[in-house]
Structure formats: structure tokens, C-alpha cells
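One-letter residues, chain by chain:
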Amino acid sequence: MDNILRTFGPHQITVDLGCGGGSFHYESYPCRIIGIDIALNQAVLFRDGCRVEYIRSSAERIPLASSSIDAVICNHTFEHIAYTKTLSEIHRILKPKGLVWIAIPNGYGLDDALYRFVFAGGGHINRFRFHQLVEAVETQTDLKLIQFNQLFSSFIYLNKPTPEQRIHLPRRARFLCYLPTSWNRFAILFLNIITRMVDRLCGTRTSQYGWGFVFARGEANLGPLPSFFNVCWQCGSGNDADQLRANGRISSSKGILHYRCSNCEAKSLFFEPLNGCS
């Protein structure tokens, strides 16, 4: 997604579809942003004058003009909605050279199974495999897949809920409210470590939670789309292994490698990336 938005200037318009409180860091990009969701919590929405605006609307009927949008961002939206009509709407509002980013969980992987168990489904009504999502987009629109990456989990959704989040928790997930902070952090770190150890030893993708896709009607001049294997347990940011080394963020203690997150400075165990990952 970043490799799309960092090419945009102040005259280009991006829609964050199913934005919630904002599905990416709006302050990091100069383009105009329109956040769309059926429920908007005004208290947590990012503001930046007329550059950022919000529309309360269903994704199945987007109140924007045809061929008016340069990019549509769908961060973990499609697993929550009846997406057939949404694809038609994305196709309608997108400019001829527009771009679409879609991130989804692997509906048959460990991470999505854990999320659905803890949060009693968590609002996930669709399960996707890689080719299932690609086929849906390419058959229902004239968009074609031009890039994709693998998304690895930080299990950040298991963090202790805030008071605002507690209101919406299903009964099954309420144990997270009462778990001591030290136990909560240990559990998240343990899941991060054990899944990556299994992946390194067995060549599996247990720690992978899904994929990110870029679709367009033709070629697009975009930078690479890396797959970050080391993902911060505290903030969920992906960390490039080569950049961590270059910036001196990897250290060793008793032969065990650690790194400091480039975004929040939290300390995590470092793992050499799998083939094809950064």
C-alpha cells in the first residue's frame, strides 16, 4: 500500500474503504483522503482541514462520482462484507489509471482461525484463499493483479483492550480484559516466536496471516512490495531485515538476536527472513 500512496501528490484522491478510525497513517501522505465506513467514531478520526474527509456509507453504494478516484484502499474490508457489489462500486469510481489495494487474511490459516475463535467470528463472514480473491476481482472488474506480498502476523489483536474496545468485545474475548499485562505480553511474544521458529525450521507459513494485492487496468510505475517477516509485536509494523542491520538495530544477547522496532522502539526477537521475504 505504501508503494502506491507515496507516489501521490496533493491533487490525487484516495478512498479508505471500511476505514474505521483510519486503516493507515493519513498524516504520512500528502494526497486527499476520503474515509468511508458505515459507522464513524468522530472522537478518534484524524483531521487535517479539507484534505481529509469522511463519509458514512455502505461499501455497496459509494456516494462518489464515476471515474473520480485515484486509489481505493481496502485494508481487511472484504472478509467483513458482501463484496460482489463493492467490487462493482470500486470499478465505477476508479479513474482509468487508478489503483486498488486489497489486504485479506488467509481464511484457512492459523492466524485467522485464532482470531475467529477468540472473537467469536470477529465479523469475518468470508474466507479467502489467494487465487479466490484474485479471481473474484479479475472476473467482476477489468482490473488485473500487478503486485502482491505476504503479510505476517504480530498477533496484535490479542493486546489488552482499551476501555472503548471492551464495550464491543464478545463474551469469549473478555478474558483479555482481566489478563495481567505481563501475561498478555508473554502470550503475544510467545506466539510470535513459536510460529516463526516453526516456519524457519519447517519452511511453512504458520506466522503468515494473509496477503496484500495491487490491482490496476494496466501497468503502473510502482516500487517493490516487500513481505516483512519480522513484525513488531507491540505496534504491528513490518521491519526490513537489511534496514535493521544497516541502522544498527539488531543486537545479540547470549547468542540470541533481538531488534528494536523502527516505528515504536519495542524489542523483539529477530529471525532471518524466509525465502522471498525481507
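Structure: see above.
This report concerns the structure included in the present document. (Residues numbered from 1 in each chain as written. Predicted model: local features only at pLDDT ≥ 70, side-chain atom pairs only at ≥ 80, totals over all residues. Heavy atoms only, no water.)

Turning our attention to the pattern of salt bridges. In total, this model carries 11 salt bridges according to the counting rule given. We note a salt bridge from Arg 217 to Asp 142, for which the minimum N-O separation is 2.9 Å. In this pair, Arg 217 is assigned in the loop between β7 (208-216) and β8 (230-231) and Asp 142 in the loop between α4 (130-140) and β6 (144-152), connecting sequence segments 75 residues apart. For Arg 217, a relative accessible area of 26% gives the class partly exposed. Here Arg 245 and Glu 272 are joined by a salt bridge, their closest N and O atoms 2.4 Å apart. A residue pair is termed long-range when its members are at least 10 positions apart, and Arg 245 in helix α8 (residues 241-246) and Glu 272 in the segment after β12 (267-269) qualify at 27 residues. The partly exposed category is assigned to Arg 245, whose relative accessible area is 39%. Taking the relative accessible area as the measure of exposure, Glu 272 reaches 37% and is therefore partly exposed. (Salt bridge = Lys/Arg side-chain N within 4 Å of Asp/Glu carboxyl O. Helix = DSSP H or I, 4+ residues; strand = E, 2+ residues; numbered from the N terminus. Buried < 20%, exposed > 50% of the residue type's maximum accessible area, 1.4 Å probe, protein only.)

Counted at 1.5 Å a residue, the expected span for helix α7 (residues 181-202) with its 22 residues is 32 Å, and the 32 Å between its end C-alpha atoms agrees. Buried residues in α7 make contact with α3 (110-118), β6, α6 (175-178), β7 and β8. Looking one or two residues past α7, Gly 203 carries a phi angle of roughly 70°, positive in sign. (Expected span 1.5 Å × (residues − 1). Contact = heavy atoms within 4.5 Å.)

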